[in-house]
Amino acid sequence: MAECNVALLLKGVDLFSELTEEQLSQLSSLVIVNDYVRDETIILEKDESIRALFLIAEGEVKVYVTGPDGKETILSLLSRGDSFGEMSLIDDEPRSASVKAVQPTKVLIIRREHFLELLKTTPELATGLLVQMCRRLRNANRQIGSLATMSVFGRVAGTILSLIEDRGVRIRGRNGEMVTVIRNRPTQQQFAEMSGTTRETVSRVFSALASNGIISLMGKDLVISEESKLHAVNAKE
């Protein structure tokens, strides 16, 4: 990947949007590019060998933790322009979660020592990093609360609401009304792993939400027609 393309990608990420062209060029020269095939592990939970920030140039990954019973819980699905690995950059602790490619994925890697050097001279970068980590923490807290206290309906509704916040797009529907669309929605198995339930249960909840006119499936997209009702389901459950 040419340096100019790396710099362009970095510029499009909130974390690096305030950097000057000179800073972006300098950072681009330090980037390592790796390709991963589908289902290939990028980092492992508790790994101490890699201290770096990862930026997705192409593809999609899942961030997940594995319970004592071997069951996976997906914390988030990340795609082009998203980053992961920020926590280990700061505290130098082992990885708190595993990351695996869910489709062929190209990742830009910035090693910890290079990132920290830039952090010292760029306060805007520090602010962006704090905002991003706070957003991740809020999502994690919401997911933990959902898994601990809600029924499966509330958990699935909460997962959809988190996806709306992360990547929902407002468009005008077929009848002129405004709806929210989640492009390339997660599979029902991924929804199950994000909601702490089973694929069969997700299918049942989706059918119930669809029959009430709250959501609909359009090809690979999930369309939310009644977001307020989805909030009501999440609060009720």
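Our structure's up above, just so we're on the same page.
The rules behind each value
Residues numbered from 1 in each chain as written. Predicted model: local features only at pLDDT ≥ 70, side-chain atom pairs only at ≥ 80, totals over all residues. Heavy atoms only, no water. Helix = DSSP H or I, 4+ residues; strand = E, 2+ residues; numbered from the N terminus. Rg over C-alpha atoms; globule rule 2.2 N^0.38 Å. Buried < 20%, exposed > 50% of the residue type's maximum accessible area, 1.4 Å probe, protein only. Contact = heavy atoms within 4.5 Å. Areas by Shrake-Rupley, 256 points an atom, 1.4 Å probe, with all protein chains shown as cover. Pairing = 2+ DSSP bridges. Axes fitted to C-alpha atoms, helices over the stretch in contact; angles between N-to-C directions. Phe/Tyr/Trp six-rings, centres within 6.5 Å; stacked < 30°, edge-to-face > 60°. Lys NZ or Arg CZ within 6 Å of the ring centre and 35° of its normal. Parallel < 35°, antiparallel > 145°, perpendicular 65-115°, else oblique.

Chemist: I tried to follow the overall build of the chain on my own but got confused; where do I start?
Modeler: When you go through the chain residue by residue, the secondary structure sums to 9 helices and 12 strands. For the chain, whose C-alpha radius of gyration is 19 Å, the value lies close to the compact-globule estimate of 18 Å for 237 residues. Along the first, second and third principal axes, the C-alpha set of the chain runs to 55 × 45 × 30 Å. Put simply, the chain has 237 residues, and 43% of those count as buried. Within the chain, contacts between residues at least 6 apart in sequence are counted, and of these 68% link residues at least 24 apart. Of the roughly 12500 Å² of accessible surface on the chain, 51% is carried by carbon and sulfur atoms.

Chemist: Looking at this structure, I do not really get the sheet that holds strand β3 (residues 52-58). What am I missing?
Modeler: Sheet strands associate in pairs through backbone hydrogen bonding, adopting either a parallel or an antiparallel arrangement. Pairing is antiparallel in the open sheet, where 4 strands are placed in the order β1-β8-β3-β6. The open sheet has two edge strands with one neighbour each: β1 (32-36) and β6 (83-84). Judged from the 6 bridges that link them, β3 and strand β8 (residues 105-111) form a sheet pairing that is antiparallel. Note on β8: the bridge partner recorded for Leu-55 is Leu-108. Strands in contact with helix α4 (residues 112-121) are β3 and β8; relative to β8, the strand with the most contacts, it is inclined by about 65°.

Chemist: Please clarify how the pairing of strand β7 (residues 98-101) should be interpreted in this entry.
Modeler: A regular strand places its side chains so that they alternate between the two faces of the sheet. Alternating residues of β7 divide into Ser-98 and Lys-100 and Val-99 and Ala-101, and every residue in both groups is buried. Direction of pairing for strand β2 (residues 41-43) relative to β7: antiparallel, over a ladder of 2 bridges. Counterpart to Ile-43 in the pairing with β7 is Val-99. Inspection of the sheet shows strand β4 (residues 60-66) paired to β7 by 4 bridges, in the antiparallel sense. Bridging from a neighbouring strand, Tyr-64 pairs with Ser-98 of β7.

Chemist: I tried to follow the pairing of β3 on my own but got confused; where do I start?
Modeler: Counting buried residues in β3 gives 6 out of 7 residues, a clear majority hidden from the surface. Sheet analysis places β3 next to β6, joined by 2 bridges and oriented antiparallel. Residue pairing in the sheet places Leu-55 in a bridge with Ser-83 of β6.

Chemist: Help me understand the packing of aromatic side chains in this model?
Modeler: How two aromatic rings sit relative to each other is set out by the distance from centre to centre and by the angle between their planes. This structure, assessed with the given rule, holds 2 aromatic pairs. Between Phe-54 and Phe-84, the aromatic rings sit 5.0 Å apart at their centres with planes inclined by 5°, giving stacked as the arrangement. Placement of Phe-54 in strand β3 and of Phe-84 in strand β6 is noted, with a sequence separation of 30 residues between them. Given the relative accessible area of 1%, Phe-54 is considered buried. Since its relative accessible area comes to 3%, Phe-84 is described here as buried. Summarising the aromatic geometry, the rings of Phe-191 and Phe-206 are spaced 5.1 Å apart at their centres and angled 75° between planes, so their arrangement reads as edge-to-face. Within this pair, whereas Phe-191 is found in helix α7 (residues 188-195), its partner Phe-206 is found in helix α8 (residues 199-211), the two being separated by 15 residues in sequence. Here the two residues Phe-191 and Phe-206 agree in accessibility, since each one is buried. Positioned over the ring face of Tyr-64 is Lys-62, at 5.1 Å from the centre of the ring.

Chemist: Explanation requested: the packing of α7 against α8 in the structure shown.
Modeler: In contact at an axis separation of 8 Å, α7 and α8 are set at 100° when each is read in the N-to-C sense. In this view, α7 runs roughly perpendicular relative to α8, as classed from their interaxial angle. Two secondary-structure elements touch here, α7 through Gln-188, Gln-189, Phe-191 and Ala-192 and α8 through Arg-199, Val-202, Ser-203 and Phe-206.

None of the figures reported here should be taken as evidence of function without further support.
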